[in-house]
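# Fold and geometry: a report
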Amino acid sequence: MREFEYEGSEPSNKTDKESDSAAKKVSTSENDSVNDTKPQSTDEIVNNQILDEFTNRNDKTHKLKRSERISNARPGSISADLNQTKKKSSSNSSHQTDSITENITTKILMFREQLSRVSKNNEEKPSKKKKRKLPFRLTYKGWILVVSVIGFLCLGFYLFFSRPTPIDRLSLTYLDNLSKDSLGVELQSTFADTYQISDYTLYGETLSLYNSRYQNGIRDDLYGRNVLLRNIETGDQLTYTFAGAADSGIPLGELDAGVYEVYVYDGFTPKRVKMADEFHADPFTTIRRDKTVSTVNMDASKETLKKFGIETDENYLYLTVTSSLPKVKIIDVMIDPSGLLKYELSSMVEEGYISEGFNEAEQSYEFAKQIQLYLEEAGLRVEISRDKDEPVSYYGVNSRVGKGYTKQAKVFLGLGMDESDNPLPYILTSPFSNGFLANSISHCLMENGIELQYIPDAPDRLDYGVAYDTYQVSADYEVLPYTLYPQLRETGGKVTYAGLSAGTENNANFSTNPGMYGIEFLYASTESPSSQAYFVQNRDLMAKSIAQGIIEYFNIPQTQESTEQ
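Residues numbered from 1 in each chain as written. Predicted model: local features only at pLDDT ≥ 70, side-chain atom pairs only at ≥ 80, totals over all residues. Heavy atoms only, no water.

Time to look at unusual backbone geometry. Of note, the phi angle at leucine 340 is positive, near 55 degrees, even though the residue is not glycine. According to the relative accessible area criterion, leucine 340 is buried, its value standing at 12%. The backbone phi angle of tyrosine 497 is positive, close to 60 degrees, even though this residue is not glycine. Within the secondary structure, tyrosine 497 is located in the loop between helix H10 (486–489) and strand S24 (517–525). Residue classification places tyrosine 497 among the buried positions, given a relative accessible area of 14%. (Buried < 20%, exposed > 50% of the residue type's maximum accessible area, 1.4 Å probe, protein only. Helix = DSSP H or I, 4+ residues; strand = E, 2+ residues; numbered from the N terminus.)

Turning to the confidence of the model for the protein, a few remarks are in order. On average, the protein scores 83 in pLDDT, and the residues at 70 or more come to 74%. Scored below 50 in pLDDT, residues 1–38 makes 25 contacts in the model with residues more than four places away or belonging to other chains. Long-range and interchain partners of residues 67–82, a stretch whose pLDDT sits below 50, account for eight contacts in this model, where long-range means more than four residues apart. (pLDDT = per-residue confidence, 0-100. Contact = heavy atoms within 4.5 Å.)

Looking at chain direction, strand S22 (residues 471–473) and strand S23 (residues 479–483) are connected through two bridges and run antiparallel. Pairing of tyrosine 471 across the sheet is with threonine 483, part of S23. Hairpin connection, S22 to S23: the antiparallel pair is bridged by five residues, and tyrosine 477 has positive phi, about 60 degrees. (Pairing = 2+ DSSP bridges.)

The full count for this structure, using the stated rule, is 19 aromatic pairs. Plain terms: the ring middles of phenylalanine 432 and tyrosine 471 are 6.1 Å apart, the flat faces sit at 80 degrees to each other, and that makes the pair edge-to-face. Of the two residues, phenylalanine 432 sits in the loop between strand S20 (426–429) and helix H9 (436–447) while tyrosine 471 sits in strand S22, which places them 39 residues apart along the sequence. Judged by its relative accessible area of 30%, tyrosine 471 is partly exposed. Each residue in the set Tyr210, Tyr214, Phe432, Tyr471, Tyr482 and Tyr497 is aromatic and connected to the rest through ring pairs, giving one cluster. One cation-aromatic arrangement involves arginine 400 over tyrosine 394; the distance from NZ or CZ to the ring centre is 5.2 Å. Taking NZ or CZ as reference, lysine 494 lies 5.6 Å from the ring centre of tyrosine 200, over its face. (Phe/Tyr/Trp six-rings, centres within 6.5 Å; stacked < 30°, edge-to-face > 60°. Lys NZ or Arg CZ within 6 Å of the ring centre and 35° of its normal.)

This next bit is on the sheet that holds strand S21 (residues 466–468). The strand order across the open sheet formed by six strands is S18-S13-S19-S24-S20-S21, and the pairing between neighbours is mixed. Edge positions in the sheet fall to strand S18 (382–384) and S21, since each has one partner strand and no second. This sheet shows a mean twist of 25 degrees between the axes of neighbouring strands, independent of strand direction. Both strand S13 (residues 333–337) and S18 contribute to a ladder of three bridges, which runs parallel. When the bridges of S18 are listed, isoleucine 335 appears paired with isoleucine 384. Sitting on the sheet, helix H11 (residues 529–553) touches strand S19 (411–418) and S24, and the angle it makes with S24 is about 160 degrees. (Axes fitted to C-alpha atoms, helices over the stretch in contact; angles between N-to-C directions.)

Structure (structure tokens):
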């Protein structure tokens, strides 16, 4: 066995050892070169792969030759066949080595050609491999910017959707929009000198205050006193005198927008007006002027100035005047043409005076339409209390006066005929007033050439052609606080005791309402055909003069076009 191993395997082992040593050296040199050089080119990678394949195949070839020699060896023929074996081995080895080398060379050339093609395609076509994007991360300043933008957007949306609508603006008063920085006077929470009031009335556009409860015929302590209004924003002061009648007081329509403190002069000392209990009156709307109105709020409260951080020690009175757009449902003047009068109890209809060529109901209605036209040209909103052929009474919600209260008219203008034999027209007004509006109408009528009836017993404060309505007298000859004409008695609200006289219970709901300034114009006499002819001849001029008197009394600015007309 030793001889077999020695004689048959030693030469082959020597060759194998040399081949293994050479392969190991090549492999070692490859590893060293790979480890020494960090980045490798594509050619180097291919060469290394080919060399590894060549080395592996050479090792397999040597091992195969060795195994064939060992399996074919015989003990008796080892020495005899040694030379022949060497020759065959050398010949086969040389042939196999050449074949392997040629195969490897062919593959190298083919691989290099493929590699060059791929390289050219990569150079011609951009790489379609998507670069991996790094995740976006905000910095600290970036987060602050994002949060700020979101905050501003939220604030913008809130302000946009919470902004006041036109309807909301109508409910905001001048006090609601007033800022503390714009105040022109120092606000006080307490006053040393005070004056307490207990009641008030509204008649037309006039506000009157009373020290005691309102009662006709009783002289109030405020009669003849001066009332001072001070604007808390501008510091301006306005003074008015109470002359003891419903139309003498504070003309609300002439006040500029603002918040006013109210004082009453006691001698030369202004005393701050207050009320015993907290009080808030319903908002009052003035007549239209330049397509705008003033809404007046009257409040007596300790918290009126709470928005400025001030709570007063008493319920001091404040007037807040806010300029706003007029509401369509609120009118300025209600005109009441006579005729077609319906009686509630009997359901009878009084058609009015009718004679040959003169119909009171028709003449009154056409007269009302003419006055309406002139008033509307001045910017007022006017309605007529009845339709042309509609019978309407003076009592109830749907009555002539009921329509005026519902639509908050400031003037109730009655047009009718006198049953006396007076040949000329004249004007009736309520004895609860000073007759200022009637005087203004009288002045315009006479200025335009209209003749008026002389009233012998009229007070001096009334102008020519103006008279007071007379009071009712009871069966015991007691003078009652109610006048005769429902056009004047039932239209003045609280001032004229509307709905409180006998037979007027259907108007009881109006007994505390702000009063319409009542006027009754008696344009002709049922007993005087000459007065009827005079009216027909001058009807348009009368209509124009009455409208002019109303406009001048309320100081309504007129456009150049209406002035020329």
